[in-house]
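Commentary on secondary and tertiary structure
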Amino acid sequence: MGKVDVLLGLQWGDEGKGKIVDFLAPKYDVVARFQGGPNAGHTLEFDGVKHVLHQIPSGIFREGTKNIIGNGVVLDPVIFRREVDALNKFSLNLRKSLYISKKAALILPTHRLLDQAYEIAKGEGKIGSTLKGIGPTYQDKIGRQGLRVGDILASDFIDKFNHLTGIHLNILKEQPIEFNWDELRSVYLDAVEFLCGFQLVESEYLINEEIKRGASILAEGAQGSLLDIDFGSYPFVTSSNTVTAGACTGLGIAPRYVGEVYGIFKAYSTRVGSGPFPTELFDEQGELMRKQGNEFGSTTGRPRRCGWIDLPSLKYSIMINGVTQLFMMKADVLSIFSEIRVCTEYRLSDGSVTDKIPYGLVGEKIEPVYQELKGWNIPLSGKSMSEMPRELSQYIDFLEDRLEVPITLISLGPDRTQTIHRPVTVA
Ligand code: GDP
Ligand code: IMO
Ligand code: MG
């Protein structure tokens with residue numbers, strides 16, 4: 001029997017999942033997205049090309065790899081078409097290598113408008129959504145009135161489309177949003193026709209047949225564990241289960257087929273959108289991190305909030321996901337600092353200290369307790385594991401010791417080649 005390894009972000013997204021999925025893909029027969037949608041922006045860099053994927057899995061550039069958009073995903077046909085067009089120059093045969101679940105939820109143009117309306121209504125308390133219609137689409141899925149990819153093949157699709165968008169348009173009448181419905185509708189229906197030209201399948205059968213024949217499968221998470229609908233800093237979260245369990249429901253695989261769980265984290269922290277961020281830096285150091293790490297959203301271009309690494313949050317994500325290996329990204333960005341801070345615990349408003357995430361994280365005044373480590377302060381590009389500066393090795397050892405999971409891969413730059421395996425040392 002084959003196994004499904006799961007790769008997911010342990011922070012607030014943008015950890016570098018796309019880069020690593022692309023790096024690991026040659027080892028896998030199948031790469032599958034299991035949740036989220038075009039709110040994701042996964043960046044890949046190789047041969048001097050930089051490419052951002054939103055809904056298409058990051059195994060797409062590797063020949064011979066099957067790529068699946070699973071049932072747990074919310075798919076926007078208009079953005080899908082744009083993504084496919086942007087990939088034209090690479091001469092990939094997407095109609096052969098890409099499979100899309102008929103059970104994936106369809107994002108309608110009105111879902112995007114509703115997303116905007118709900119954010120406006122929240123005022124100061126807005127989530128900072130990417131406004132891709134993610135929340136409203138999952139709402140309709142859970143409310144049992146959504147449309148799915150498989151519906152576009154049926155002769156009554158247009159009736160269903162008119163019915164549901166009609167309900168949405170009624171709600172939107174009351175909202176301060178301007179749009180040209182005829183144009184949105186026509187662009188959307190064209191894109192739906194385009195989508196019909198791809199392999200729309202019962203992907204749960206496909207993936208379980210692959211497991212049966214002993215194939216290796218990589219499930220590619222989107223967003224991060226701290227944005228999970230159940231375990232993230234609710235309500236400042238996304239609308240799907242971004243954690244390992246989401247790969248089971250989002251692909252139709254039984255938990256016993258889950259193999260390795262790769263947890264990706266940056267050597268520091270970032271967050272885009274609203275919500276608590278205990279180690280956020282508001283000073284020049286945060287500004288430096290943003291500049292050095294090029295921390296601007298891959299989907300929206302928004303500046304990402306930056307701060308030091310946060311061990312209580314990472315421990316929580318490792319626990320919920322059952323992480324078996326850790327991958328540390330963007331260590332090169334910290335080369336600018338001569339001192340590096342690690343948040344080991346939180347001091348709560350009543351003075352107590354904890355390494356657990358308090359229920360009232362949202363709204364609670366939390367003060368990070370820091371331990372200072374010496375920085376390495378030299379560029380890391382082109383270095384092998386044995387050439388790592390001592391201070392970086394100490395940083396890695398410190399994190400590994402506190403997180404109790406081996407760090408088996410280090411990323412030192414955005415390119416595929418700037419990735420180093422770190423042999424596991426058995427105590
Ligand atoms: P994802 O959403 O998890 O796939 O991550 P994003 O692509 O949104 O953001 C990660 C950003 O960091 C991208 O611009 C990557 O090209 C870049 N990146 C990935 N790994 C590294 C690294 O090790 N060092 C540096 N400097 N940049 C990296
Ligand atoms: P990848 O896969 C970082 C954030 C948004 C917002 C919240 C809800 O590239 O890591 P939504 O659009 O889902 O309603 O937004 O979640 N968010 C992300 N932040 N990376 C992502 O994806 C994100 N997808 C959503 O900024 O705070
Ligand atoms: Mg991203």
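Note: the structure precedes this text.
A quick note: this is a predicted structure, and the numbers were derived from the prediction, not measured.

**A look at the overall build of the protein**
Tallying secondary structure elements over the protein gives twelve helices and 20 strands in all. Compactness check: the protein gives a C-alpha radius of gyration of 21 Å against a globular reference of 22 Å for 427 residues, within 12% of the reference. Each principal axis of the C-alpha distribution contributes one length, and for the protein these read about 65 × 50 × 40 Å. Looking at the protein residue by residue over its 427 residues, the buried ones come to 57%. A sequence separation of at least 24 residues applies to 76% of the contacts in the protein between residues at least 6 apart.

**Here's the deal with the packing of helix H4 (residues 109-122) against helix H7 (residues 181-195)**
One can describe the packing of H4 onto H7 by two numbers: an axis separation of 9 Å at closest approach and a directional angle of 130 degrees. One element, H4, and the other, H7, form an angle in the oblique class. On H7, the residues touching Pro109, Thr110, Arg112 and Leu113 of H4 are Trp181, Leu184 and Tyr188. Residues belonging to the contact of H4 with H7 are distributed by class as follows: five nonpolar, one polar and one charged.

**Concerning the sheet that holds strand E2 (residues 30-33)**
Taking strand neighbours across the sheet as the criterion, the ten strands line up as E9-E7-E5-E2-E10-E1-E11-E15-E19-E20 in an open arrangement whose pairing is mixed. This sheet does not close on itself; its edge strands, each paired only once, are strand E9 (199-201) and strand E20 (419-421). Ignoring which end each strand starts from, the neighbouring axes of this sheet average 25 degrees apart. With six bridges connecting them, strand E1 (residues 3-9) and strand E10 (residues 216-224) associate as parallel partners. Within E10, the position partnered with glycine 9 by the bridge is glycine 224. In the packing of helix H12 (residues 390-403) onto the sheet, contacts are made with strand E11 (258-266), strand E15 (325-329) and strand E19 (407-411), and the angle to E15 comes to roughly 140 degrees.

**Focus: the nonpolar core**
Counting 57 residues, the largest nonpolar core has Leu326, Met328, Leu334, Tyr395 and Leu399 as the members making the most contacts within it. Take this core: its biggest share by element is six residues, from H12. Contact partners of methionine 328, with chain neighbours within four places excluded, come to Phe265, Ala267, Leu392, Tyr395, Ile396, Leu399, Ile407, Leu409, Ile410 and Ser411. Judged by nonpolar contacts, the second largest core, of 35 residues, contains Leu53, Val84, Leu147 and Ala191.

**Focus on the site of ligand 2**
Neighbouring ligand 2 are 20 residues, the closest being Asp14, Lys17, His42, Thr130 and Thr238. A distance of 2.7 Å separates an oxygen atom of ligand 2 from a polar side-chain atom of lysine 17. Contact with the protein chains covers 97% of the free accessible surface of ligand 2, which is 550 Å². Across the shell around ligand 2, the residue classes tally to seven nonpolar, ten polar and three charged.

**Concerning the coordination of the magnesium ion (ligand 3)**
The protein atoms that coordinate the magnesium ion (ligand 3) are Asp14 (OD) and Gly41 (O), at distances spanning 2.1 to 2.2 Å. Of the two residues, aspartate 14 sits in the loop between E1 and helix H1 (17-24) while glycine 41 sits in the loop between E2 and strand E3 (42-46), which places them 27 residues apart along the sequence.

**Structural notes on the side chain of histidine 54**
By secondary structure assignment, the location of histidine 54 is in the loop between strand E4 (49-53) and strand E5 (66-69). One polar contact links the side chain of histidine 54 to the main-chain carbonyl oxygen of alanine 40, over a distance of 2.7 Å.

**Some words on the site of ligand 1**
Near ligand 1, the surroundings consist of 20 residues, among which Lys17, Thr43, Ser298, Asp332 and Ser411 are the closest. Within the backbone of lysine 17, one N or O atom sits 2.7 Å away from an oxygen atom of ligand 1. The separation between an oxygen atom of ligand 1 and a polar side-chain atom of threonine 43 is 2.5 Å. With the chains in place, 94% of the 590 Å² that ligand 1 exposes on its own is no longer accessible. The set of elements that each furnish at least two residues to the shell around ligand 1 consists of H1 and E3.

**Thoughts on helix H11 (residues 311-321)**
Of the residues making up H11, those classed as buried are Leu311, Pro312, Ser313, Leu314, Ser317, Ile318 and Asn321. At the exit of H11 stands glycine 322, carrying a positive phi of roughly 65 degrees.

**Considering the environment of serine 269**
Position of serine 269 relative to the elements: it lies in strand E12 (residues 269-271). A residue is classified by how much of its surface remains accessible, and serine 269, at 1% relative accessible area, is buried. Measuring from C-alpha to C-alpha, the distance between serine 269 and aspartate 283 comes to 15 Å, with 14 residues separating the pair along the chain. Here serine 269 is in contact with Gln11, Trp12, Phe277, Thr279, Arg305, Cys306, Gly307, Trp308, Ile309 and Asp310, once residues within four sequence places are set aside. Here the side chain of serine 269 touches tryptophan 308 through a polar contact of 2.8 Å, landing on its backbone oxygen.

**With respect to the pattern of salt bridges**
For the coordinates displayed, the defined rule picks out 21 salt bridges. Linking lysine 102 and glutamate 202 is a salt bridge whose minimum nitrogen-to-oxygen distance equals 3.5 Å. Within this pair, whereas lysine 102 is found in the loop between strand E7 (98-101) and strand E8 (105-106), its partner glutamate 202 is found in the loop between E9 and helix H8 (203-212), the two being separated by 100 residues in sequence. Take lysine 102: its relative accessible area is 26%, and that puts it in the partly exposed class. Judged by relative accessible area, which is 35%, glutamate 202 ranks as partly exposed. Residue lysine 266 pairs with glutamate 295 through a salt bridge whose shortest N-O separation is 3.1 Å. Of this pair, lysine 266 sits in strand E11 while glutamate 295 sits in the loop between helix H10 (284-292) and strand E13 (305-307), and the two are 29 residues apart along the sequence. Taken as a pair, lysine 266 and glutamate 295 share a single burial class, namely buried. Salt bridges sharing partners connect three or more residues here, namely Asp14, Lys266, Glu295, Arg304 and Lys330.

The rules we used
Here, residues in each chain are numbered from 1, in the same order as that chain's written sequence. Throughout, the order in which chains and ligands are written sets their labels, letters from A for the former and numbers from 1 for the latter. A pLDDT threshold of at least 70 governs which residues receive local features in this predicted model, and a stricter bar of 80 or more applies before side-chain atom pairs are shown or counted, although totals over entire chains, interfaces and linings include all residues. As a rule here, side-chain values come from all non-hydrogen atoms in the structure, and water together with hydrogens is ignored. Numbering of helices and strands runs from the N terminus, with a helix taken as a DSSP run of H or I at least four residues long and a strand as a DSSP run of E at least two residues long. We compute the radius of gyration over the C-alpha atoms and compare it with the globule rule, which gives 2.2 Å times the number of residues raised to the power 0.38. Note on exposure labels: buried denotes an accessible area under 20% of the residue type's maximum, exposed denotes more than 50%, and partly exposed covers the range between, all computed with a 1.4 Å probe on protein chains only. We call two residues in contact when some of their heavy atoms are within 4.5 Å. Under this scheme, a helix contributes an axis fitted over its contacting stretch, all axes are lines through C-alpha atoms, and angles between N-to-C directions fall in the 0 to 180 degree range. We call two directions roughly parallel when the angle between them is under 35 degrees, roughly antiparallel when it is over 145, roughly perpendicular when it lies between 65 and 115, and oblique otherwise. Classification used: nonpolar for Ala, Val, Leu, Ile, Met, Phe, Trp, Tyr, Cys and Pro, charged for Asp, Glu, Lys and Arg, polar for all others including Gly. Strand pairing follows a simple DSSP-based rule, namely that at least 2 bridges must link the two strands. The term nonpolar core refers to a set of buried residues drawn from Ala, Val, Leu, Ile, Met, Phe, Trp, Tyr and Cys, joined through side-chain atoms within 4.5 Å. By convention in these notes, a residue is near a molecule or strand provided one of its non-hydrogen atoms lies within 4 Å of it. The term polar contact refers here to a pair of N or O atoms within 3.5 Å; inside protein, the definition further demands a hydrogen-donor-capable atom paired with an acceptor-capable atom, and it admits residues adjacent in sequence only when both atoms are side-chain atoms. Method for areas: the Shrake-Rupley scheme with a 1.4 Å probe, in which residue coverage is limited to the protein chains shown. Donor selection uses N, O and S atoms within 2.8 Å of the metal (3.2 Å for Na, K and Ca). Since no water is included, sites may look incomplete. Salt bridge, as applied in this entry: a Lys or Arg side-chain nitrogen positioned within 4 Å of an Asp or Glu carboxyl oxygen.

By themselves these figures say nothing about function.
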